[in-house]
Amino acid sequence: MKTTQCTGAQAVVRSLLAEQVTTLFGYPGGAIMPIYDALYDHRDALEHILVRHEQGAIHAAQGYARATGRTGVVFATSGPGATNLITGLADAQIDSTPVVCITGQVASALLGTDAFQETDVMGISMPVTKWNVQVTRAAEIPAALAKAFHIARTGRPGPVLVDITKDAQLGLLDFTYEPCTGFRSYHPKPELSHSAVQEAAHLLDGARKPLMVVGQGVLLANAEEELLRFAEKTGMPVASTLLGLGAFPTDHPLYVGFVGMHGDYAPNIKTNACDVLLAAGMRFDDRVTGDISRYAKQAKVVHVDIDAAEINKIITADVAVHADAKDALRALTALVQPRQHADWLQEFSDAKAVEVETLAQHTGTTGELRMDEVVQLLSARTGGEALVVTDVGQHQMVTARHYRYRSTRSNITSGGLGTMGFALPAAIGAKLAAPERTVVAVIGDGGFQMTLQELGTIMQSKVAVKVLILNNRFLGMVRQWQQLFFEKRYSFTEMVSPDFVTLAKAYGIAAERVEARENLEQGMARMLGHAGPYLLEVMVEKEDNVFPMVPTGASVSEIRLA
């Protein structure tokens, strides 16, 4: 194999090119400066997006990865540059997002001396990465990066961190690059057990009231078509977790809503009425299950998951199918009998009617704009085809409930970690990954102010993302809990914000504010029709609550409609 001599820094860039990386997000600094110098000669092949904060870099890389399935790439320097990645690493780890973070580090001779901008990034990042490694010799760089990309994107995806000392970046090596295809002790794709599939198919064939709950694992496995074929053959109702939204068309007659704390009434209560519960690519998060001692006790549980650690971790499975969701659904579809469950589906329709009627009776009477009507208009105006990135809070739940996702990879949000400030940088990454799609970031006034500096990234890199701020002048989700469970003691949740419209215009971004219902249609049309980035701030009801709601510690059967 042909070799060429180069520096470790040049080897980093050549390795990225070998992995067909085209876009990366980062912020330069002293310890990673040699890599940035090497990047200078490859600016045409590698688009570097200069963010305004390292947290913005990793959230942008997450958005890029979630929009495409490709691995996001991040550069950061040592010390505070690396530690600023930790929130994003934790977010990517719990939401199974493939990201490779490359951090600079002080020279190897200085390790452990408390040198300037030195920190133990290995120790700090180990709990929140799928794998991490520190490279101290230039010759180790290509193999370390090849392994990093392989680990990040295979099996259950996740974040990887490669920490490279400055002397390794400056040292010389004979460069060759061999993509990693596997190594001892790492088996990312389990072998499908046909006996488990047969047992699962037998349970499903005998079920009178089956319910399927799909999670992000279906999306990660690119198993949307297999899911559709399986559902249509079995005729069983399909519900979604928050991160599973988009895996199954929300306008399909078998779709019955999304489950969880603020999910739909019907699939939540029917979880405790089904006789077989098929969970595919989901991990029984506490926001889905409520009180696990009262969750689906009457049902036989079939759990399909690629990660063995998730099986029997929270809910005991009667049949465990340790497999990639695509393989499992394809095999199940071949075995199950064609079925219809009209009476059972009617129960979901009846429960949905109860939800609609009850919520209508308790709709706010202040006359102010409500979050749900804003999101419903967004959904209608985009035909459910936009790529929607949400932050964390009431607006996140309202969007999940009222945006009618019709396409895969259209819902990007921070699920497991619940990171406020996620949406703006993640939307930047998503738009760069999918420039042909309309990308809308739906954000609350609180979360927006956590990463609003990334408006500078939008300005400099000319990213045509749409930013929809639902401003209720509160940290809305916390305020709702304070209202319902803390006797309206609104302790430090009311928020005074700057003029977001003026702020956006200072960054050269077109913007407007909507305060009256009669102006919403035109404002939404201007935002969506604008060729470049646009910020639309909508002033919504201050004390609007999100229902349904499963209170903490309650059973999913105890979901509240008001």
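Here the structure is a predicted model, which is why all the values come from computation and not from measurement.

**So, the packing of helix α1 (residues 8–18) against helix α7 (residues 141–153)**
α7 packs onto α1 with a crossing angle of 35° between their chain directions and a minimal axis gap of 9 Å. Crossing geometry of α1 relative to α7 is assigned as right-handed. Counting all contacts with α1, which are made through G8, A11, V12, S15 and L16, the residues of α7 involved are I141, P142, L145 and F149. The class makeup of the residues in the contact of α1 with α7 is 7 nonpolar, 2 polar and no charged.

**Things to note about the sheet that holds strand β7 (residues 159–165)**
Read from one edge of the open sheet, 6 strands run β3-β2-β4-β5-β7-β6, paired in parallel fashion. Each edge of the open sheet is held by one strand with a lone partner, namely β3 (47–50) and β6 (131–135). For this sheet, the mean inter-axis angle between neighbouring strands, taken without regard to orientation, is 20°. Relative to strand β4 (residues 72–76), helix α3 (residues 54–68) is tilted by about 170°, and along the sheet it contacts β2 (23–26), β4 and β5 (99–105). Packed on one face of the sheet, helix α5 (residues 86–94) meets β5 and β7 and runs near 145° to β7.

**Quick word on the nonpolar core**
Judged by nonpolar contacts, the single largest core of 95 residues is most densely connected at M212, F230, L277, V321, L468, L470 and V538. Looking at this core, you find at least three residues from each of domain 2 (194–350) and domain 3 (364–539). With near-sequence residues (within four places) excluded, L468 lies in contact with V374, L378, V440, A441, V442, I443, M527, L536 and V538. By size, the runner-up hydrophobic cluster in this structure holds 52 residues, among which are A57, A76, A426 and L535.

**So, the side chain of T358**
Tracing the backbone shows T358 in helix α15 (residues 342–361). Reaching out from T358, the side chain makes a polar contact with the backbone oxygen of V354 at a distance of 2.8 Å.

**Description of helix α9 (residues 194–206)**
The end-to-end C-alpha distance of α9, which contains 13 residues, comes to 18 Å, matching closely the 18 Å that a straight helix rising 1.5 Å per residue would cover. Residues A196, V197, A200, A201, L203 and L204 constitute the buried set of α9. One face of α9 carries all of its buried residues, which in axial projection span an arc of 160°. Away from its buried face, by an angle of more than 90 degrees, α9 presents the exposed residues H194, S195, H202 and G206.

**Here we look at the sheet that holds strand β18 (residues 466–471)**
A sheet is described by the order of its strands in space; here 6 strands give the open sequence β16-β15-β17-β18-β20-β19, paired in parallel fashion. The open sheet has two free edges, formed respectively by β16 (411–413) and β19 (510–514), since each of these has just one partner strand. Ignoring strand direction, the axes of neighbouring strands in this sheet form an average angle of 15°. Two elements, β18 and strand β20 (residues 534–539), share 6 bridges in a ladder whose sense is parallel.

**A look at the packing of helix α16 (residues 371–382) against helix α23 (residues 520–529)**
Here α16 crosses α23 at 50°, and the two axes come no closer than 11 Å. The angle between α16 and α23 places the two elements in the oblique class. The hand of the α16/α23 crossing is right-handed. Together, V374, L377, L378, R381 and T382 of α16 and L520, E521, M524, A525, M527 and L528 of α23 make up the contact between the two elements. Partitioned by chemical class, the residues of the contact of α16 with α23 number 8 nonpolar, 1 polar and 2 charged.

About the cut-offs
Residues numbered from 1 in each chain as written. Predicted model: local features only at pLDDT ≥ 70, side-chain atom pairs only at ≥ 80, totals over all residues. Heavy atoms only, no water. Axes fitted to C-alpha atoms, helices over the stretch in contact; angles between N-to-C directions. Helix = DSSP H or I, 4+ residues; strand = E, 2+ residues; numbered from the N terminus. Left-handed = near helix turned anticlockwise from the far one by under 90°. Contact = heavy atoms within 4.5 Å. Nonpolar A, V, L, I, M, F, W, Y, C, P; charged D, E, K, R; others polar. Pairing = 2+ DSSP bridges. Core = buried A, V, L, I, M, F, W, Y, C linked by side-chain atoms within 4.5 Å. Buried < 20%, exposed > 50% of the residue type's maximum accessible area, 1.4 Å probe, protein only. Domains from an automatic or database assignment. Polar contact = N/O pair within 3.5 Å; in protein donor to acceptor, adjacent residues only side chain to side chain. Expected span 1.5 Å × (residues − 1). Arc of directions from axis to C-beta. Parallel < 35°, antiparallel > 145°, perpendicular 65-115°, else oblique.

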